[in-house]
Protein chains: 2
Amino acid sequence: MAGTLFTGLCAFPLTPADSDGVVNTRAFAALIDRLCVAGVDSIGILGSTGLYAYLDRAERVHAVHAAVEAVAGRVPLIVGIGALRTSWSVELAREAERAGAQGLLLAPMSYTPLTVREVAGHYRAVAGATALPLCIYNNPGTTGFTFPDALIGELAHVPGIAAIKMPLPEGDDFAGEIGRLRKLVPQGFRIGYSGDWGAAPSLLAGGAAWYSVVAGLLPVEALRMTRAAQNGAAAETARLQAAFEPLWRLFQAHGSLRLMYGIAERLNLDVEEPPLPIQKVDAPTARALDAALDQLINA
Amino acid sequence: MAGTLFTGLCAFPLTPADSDGVVNTRAFAALIDRLCVAGVDSIGILGSTGLYAYLDRAERVHAVHAAVEAVAGRVPLIVGIGALRTSWSVELAREAERAGAQGLLLAPMSYTPLTVREVAGHYRAVAGATALPLCIYNNPGTTGFTFPDALIGELAHVPGIAAIKMPLPEGDDFAGEIGRLRKLVPQGFRIGYSGDWGAAPSLLAGGAAWYSVVAGLLPVEALRMTRAAQNGAAAETARLQAAFEPLWRLFQAHGSLRLMYGIAERLNLDVEEPPLPIQKVDAPTARALDAALDQLINA
């Protein structure tokens, strides 16, 4: 089963939770089951889309246990363990391992901006505390930390650090970035991408994985494009990418997390409400979303 | 006592806590007592320097109660209630009010970048949930959110929102910024500054308060400069600012939070260790800090 860990389509479900941050495990299990049925390559819970930053440690552990049970061994499960304290990420890593997850995703979550030395220490401490393979979650837009290439190269050689989830590169130069990073990382280290609108070109350029927000709710459509790109079917990939295009524009304008709540509403899926202060999109955007989904689902 | 709320020198102590984030209330009370004895105008606990982002809600409430007891009514106490969920900030505001604090400090802490509409909703919800006056904590460097002037003007008219703690302005144009903002806010709304190296010019330009990191450990030195600037004694202010200068350069280079742990060590004050991943400064920086403190304390 670990064969598809950190490769192919990793789908990130929302974590349904009430206004105090208490996880609705029944609704969460239903979202996870849909992803297993669709046949995604892995499921990434408690990523940015899975509200890891908005749930306290007890609720995060609660969610991990619910997810392991819902997945029931059908798909590898990756758990986001980012936290502001190293001790908290270590604790969450151990809890995920104990619960039966297959992999970990660690963002250098920060409040006081972190130095390179501090981020290196954080990753080494967490990787050393667990037997699970760990993916570096590189997301400057939420963490405020930009990984220098040299740090990626250093961490890629730490035992247990097996992959990186990259943000979209400057100028969409996926091939250039993958080539540059491959010189710094060991053979077998997986370089994948997030930023859904760049998924198709990243996979065509040899990216190992699409860490996908939209696949958390639309796994069938995301899988279709993933398989086309993995097969090098450039024309079919372009056709599917065009069908996604109106949705990508909304993701870029309003943030993919807010749109996910709108998509769930349209699909009649129970995901509770976004965690205030984060709000759902306004009515005009919801109407634009309806049109974008029509175009996608009829593609 | 509320006469000096959001004016003059507000000192921000560290919150001593162990490696799991459990507050050492005895050490915390000792830090707070020093500030009361020095006669600072207010104490701001659980600000960025007070590790609010690195303590869970239970420990934050624990710290508030310890601080109220330690202050014993000698100085107004302002409590940082920033949190990623609106519901958590509301809860913390109510706990601070119940415990006996005099004011609140609210940062738009964020992970997913927030919209202006979301930040406005967050402040209105928290201000509406408490009778305590609230200061807007405007700190883009840690929260990732930049307040447009129009939002400051809007929030300054919300009942209960009484003050703003500003970051240092572009080009150090304090007088220009204060003049511009005063046109947008009601009479009596207090505009103060953080960023210790800009405190002297901000007070000389009419800033209402210095929200001071360094005063959390060096209240006597910070008060001397505050009073000089408040009295318009430009030459004496410049002399004291020059004495602080080597310390400000270290704050700018390494982040004031890291330096505070070094200052505490030098003063033989128990503050425990910084919250990993944040590390203490290295040995050469600690030596430079020694020299900077010598210059300051002999000034």
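Computed from a predicted model, the values in this text were never measured in an experiment. (Residues numbered from 1 in each chain as written. Chains lettered and ligands numbered in written order. Predicted model: local features only at pLDDT ≥ 70, side-chain atom pairs only at ≥ 80, totals over all residues.)

Concerning the overall build of chain A
Now for step 1: The number of helices and strands found in chain A is twelve helices and eight strands.
Now for step 2: Here the C-alpha radius of gyration of chain A, 18 Å, is about what a compact globule of 299 residues would show, namely 19 Å.
Now for step 3: On the principal axes, the C-alpha backbone points of chain A span a range of 45 × 45 × 35 Å.
Now for step 4: The burial tally for chain A puts 54% of its 299 residues in the buried class.
Now for step 5: For chain A, restricting intrachain contacts to residue pairs at least 6 apart in sequence, the fraction spanning at least 24 positions comes to 77%. (Helix = DSSP H or I, 4+ residues; strand = E, 2+ residues; numbered from the N terminus. Rg over C-alpha atoms; globule rule 2.2 N^0.38 Å. Buried ≥ 20, exposed ≤ 12 C-beta atoms within 10 Å, placed from the backbone. Contact = placed C-beta atoms within 7 Å.)

What to know about helix α10 (residues 234-254) of chain A
Residues and elements named next belong to chain A.
Now for step 1: For α10, which comprises 21 residues, the first-to-last C-alpha distance of 29 Å matches the rise-based estimate of 30 Å (1.5 Å per residue) to within 8%.
Now for step 2: Along α10, the sharpest change in direction is near 50° and occurs at E245; proline P246 comes one to four residues later.
Now for step 3: Residues T237, L240, Q241, F244, L247, L250 and F251 constitute the buried set of α10.
Now for step 4: Close packing links the buried residues of α10 with α8 (199-204), α9 (219-230), α11 (256-266) and α12 (283-297). (Expected span 1.5 Å × (residues − 1). Bend = angle between axes of the 7 residues up to and from the residue.)

Re the interface of chain A and chain B
Now for step 1: Each partner contributes to the interface: chain A provides 30 residues, whereas chain B provides 30 residues.
Now for step 2: Looking at the side of chain A that touches chain B, the elements with two or more residues in it are α3 (86-99), α4 (116-127) and α5 (140-143) of chain A.
Now for step 3: Residue composition of the side of chain A that touches chain B, grouped by class: twelve nonpolar, 13 polar and five charged. (Nonpolar A, V, L, I, M, F, W, Y, C, P; charged D, E, K, R; others polar.)

Details of the relation of the copies chain A and chain B
Now for step 1: Superposing chain A onto chain B takes a rotation of 180° plus a shift of 0.0 Å along the axis, which leaves an RMSD of 0.0 Å. With respect to symmetry, the two chain copies, as superposed, fit the operation of a two-fold axis.
Now for step 2: Counting the interface residues of chain A, we find that 100% of their copies in chain B are interface residues as well, pointing to one common contact surface. (Least-squares fit on C-alpha atoms with pLDDT ≥ 70 in both.)

A word on the packing of helix α1 (residues 25-38) of chain B against helix α9 (residues 219-230) of chain B
Residues and elements named next belong to chain B.
Now for step 1: Axis separation between α1 and α9 bottoms out at 9 Å; the angle between their running directions is 35°. Here α1 and α9 pass one another in a crossing that is right-handed. Across from R34, L35 and A38 in α1, the residues of α9 making contact are P219, V220 and L223.
Now for step 2: Its residues placed into classes, the contact of α1 with α9 shows five nonpolar, no polar and one charged. (Axes fitted to C-alpha atoms, helices over the stretch in contact; angles between N-to-C directions. Left-handed = near helix turned anticlockwise from the far one by under 90°.)

Section: the packing of helix α2 (residues 57-71) of chain A against α3(A)
Residue and element names in this part refer to chain A.
Now for step 1: At a minimum axis separation of 9 Å, α2 and α3 run at an interaxial angle of 20°. Regarding the angle of α2 to α3, the classification is roughly parallel. For α2 against α3, the interelement crossing comes out right-handed. Across the interface between the two elements, R57, R60, V61, V64, H65 and V68 of α2 pack against W88, E91, L92, E95, A96 and A99 of α3. (Parallel < 35°, antiparallel > 145°, perpendicular 65-115°, else oblique.)

Topic: the environment of L293(A)
All names here are of chain A.
Now for step 1: Of note, L293 is situated in helix α12.
Now for step 2: Along the sequence, L293 and A243 sit 50 residues apart, while their C-alpha atoms lie 8.9 Å from each other.
Now for step 3: The residues contacting L293, other than those within four sequence positions of it, are I263 and R266.

Observations regarding the pairing of strand β3 (residues 77-80) of chain B
All names here are of chain B.
Now for step 1: Side chains L77 and V79 project from β3 onto one buried face, and the interleaved I78 and G80 project onto a second face that is buried too.
Now for step 2: One ladder, built from three bridges, connects strand β2 (residues 42-45) with β3; its direction is parallel. Paired with G44 across the strands is I78, a residue of β3.
Now for step 3: After leaving β2, the chain enters helix α2 (residues 57-71) and then returns to the sheet as β3, a path that is right-handed.
Now for step 4: As paired strands, β3 and strand β4 (residues 103-106) are joined by three bridges and run parallel to one another. Looking at the pairing, V79 lines up with L104 of β4.
Now for step 5: With helix α3 (residues 86-99) bridging β3 and the parallel β4, this β-α-β connection has right-handed handedness. (Pairing = 2+ DSSP bridges. Right-handed = clockwise from strand over helix to strand, strands pointing away.)

Some points on unusual backbone geometry
Now for step 1: The linkage connecting L276(A) with the following residue, P277(A), adopts the cis geometry, with an omega of 15°.
Now for step 2: By secondary structure assignment, the location of P277(A) is in the loop between α11 and α12.
Now for step 3: Not every positive phi belongs to a glycine, and L51(B) is a case in point at roughly 65°.
Now for step 4: Checked against the element boundaries, L51(B) lands in the loop between β2 and α2.

Topic: the environment of Q230(B)
Residue and element names in this part refer to chain B.
Now for step 1: Considering the arrangement of structural elements, one finds Q230 in helix α9.
Now for step 2: Look at Q230 and you get partly exposed, because 18 C-beta atoms sit within 10 Å.
Now for step 3: Placed 133 residues apart in sequence, Q230 and E97 show a C-alpha to C-alpha distance of 30 Å.

With respect to the environment of T25(B)
Residues and elements named next belong to chain B.
Now for step 1: Relative to the assigned elements, T25 resides in helix α1.
Now for step 2: Measuring from C-alpha to C-alpha, the distance between T25 and L151 comes to 37 Å, with 126 residues separating the pair along the chain.
Now for step 3: In this structure T25 touches H62 and A66, once residues within four positions along its chain are discounted.

Quick look at the pairing of strand β7 (residues 190-193) of chain B
Two faces make up the sheet, and in a regular strand the side chains alternate between them.
Now for step 1: Bridge count between strand β6 (residues 161-166) of chain B and β7(B): four bridges; the pairing is parallel. Bridge assignment links M166(B) to a residue of β7(B), and that residue is Y193(B).

Quick word on the confidence of the model for chain A
Now for step 1: In this model, chain A carries an average pLDDT of 97, and 99% of its residues clear a pLDDT of 70 or more.
Now for step 2: Here the predicted complex scores 0.97 on pTM and 0.96 on ipTM. (pLDDT = per-residue confidence, 0-100.)

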